[in-house]
Amino acid sequence: MARIFDDITETIGNTPLVRLRRLTEAVGTFERGELSRRVPATSEDEIDRLGQSFNRMADTISADIERMQLVDKLRRELVAKVSHDLRSHLASIRGYLET
């Protein structure tokens, strides 16, 4: 009896409409900032190909965001170090001028 219920639940849960709703939900969740959200894609029909495309796009966006965050961190470090070096040299020049 439990096996029959599992089969019915699996069949109902994998209808195209249900799978499209899951995909739509995943896209909305991703859009709201949960960048780790992916969709399961186990077959080779159009809906799963769309899910696979979404997953690849989400992977690319996540990787791009990580790279941009790293570049921004490196830029901030560079600006801080250059500013410090310039201030140090300017302070030395000022000291020589005042003596």
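Rules behind the numbers
Residues numbered from 1 in each chain as written. Predicted model: local features only at pLDDT ≥ 70, side-chain atom pairs only at ≥ 80, totals over all residues. Heavy atoms only, no water. Helix = DSSP H or I, 4+ residues; strand = E, 2+ residues; numbered from the N terminus. Buried < 20%, exposed > 50% of the residue type's maximum accessible area, 1.4 Å probe, protein only. Contact = heavy atoms within 4.5 Å. Areas by Shrake-Rupley, 256 points an atom, 1.4 Å probe, with all protein chains shown as cover. Phe/Tyr/Trp six-rings, centres within 6.5 Å; stacked < 30°, edge-to-face > 60°. pLDDT = per-residue confidence, 0-100. Expected span 1.5 Å × (residues − 1). Salt bridge = Lys/Arg side-chain N within 4 Å of Asp/Glu carboxyl O.

**Remarks on the overall build of the protein**
Check the secondary structure of the protein and you find three helices and zero strands. Taken from N to C terminus, the helices and strands of the protein fall in the order α-α-α. Counting every position in the protein, which comprises 99 residues, the buried fraction comes to 15%. When contacts within the protein are restricted to residue pairs at least 6 apart in sequence, those whose partners lie at least 24 apart make up 40%. Surface exposure of the protein reaches about 8,200 Å², of which carbon and sulfur atoms provide 62%.

**With respect to the packing of aromatic side chains**
Inspection of the entire model under this criterion finds one aromatic pair. Summarising the aromatic geometry, the rings of Phe-30 and Phe-54 are spaced 5.6 Å apart at their centres and angled 80 degrees between planes, so their arrangement reads as edge-to-face. Highlighted residues: Phe-30 in helix 2 (residues 16–31) and Phe-54 in helix 3 (residues 46–98), separated in sequence by 24 residues. In terms of burial, Phe-30 and Phe-54 fall into one category: buried.

**With respect to the confidence of the model for the protein**
Averaged over the protein, the pLDDT score is 87; the fraction of residues at 70 or greater is 87%. Least confident of the elements in the protein is helix 1 (residues 2–13), whose mean pLDDT is 58; most confident is helix 2, at 93.

**Observations concerning the side chain of Asp-48**
Among the secondary structure elements, Asp-48 is positioned in helix 3. We classify Asp-48 as buried; its relative accessible area is 6%. Setting aside its immediate chain neighbours within four residues, Asp-48 contacts Arg-19, Pro-40, Ala-41, Thr-42 and Ser-43.

**Overview of the environment of Ala-41**
Of note, Ala-41 is situated in the loop between helix 2 and helix 3. Through-space distance from the C-alpha of Ala-41 to that of Asn-55 is 9.0 Å; in sequence the pair is 14 residues apart. If we ignore the near neighbours within four places in the chain, the residues touching Ala-41 are Asp-48 and Gln-52.

**Details of helix 3**
Since one α-helical turn is 3.6 residues long, residues separated by three or four positions face the same way. A rise of 1.5 Å per residue sets the reference length of helix 3, with its 53 residues, at 78 Å; its end C-alpha atoms lie 77 Å apart and thus fit the reference within 8%. Within helix 3, the full set of buried residues consists of Ile-47, Asp-48, Gly-51, Phe-54, Asn-55, Ala-58 and Ser-62. Contacts made by the buried residues of helix 3 are with helix 2.

**Let's talk about the pattern of salt bridges**
Counting across every chain of the model gives nine salt bridges. For Glu-25, the salt bridge identified is with Arg-37, shortest N-O distance 3.7 Å. Linking Glu-25 in helix 2 with Arg-37 in the loop between helix 2 and helix 3, this pair joins segments that are 12 residues apart in sequence. According to the relative accessible area criterion, Glu-25 is partly exposed, its value standing at 48%. Taking the relative accessible area as the measure of exposure, Arg-37 reaches 22% and is therefore partly exposed. A salt bridge links Arg-49 to Glu-46; its shortest N-O distance comes to 3.6 Å. Here Glu-46 and Arg-49 lie together in helix 3, a separation of three residues that amounts to about one turn. A residue is classified by how much of its surface remains accessible, and Arg-49, at 40% relative accessible area, is partly exposed. Residues joined by salt bridges that share partners form a network here, namely Arg-19, Asp-45 and Asp-48.

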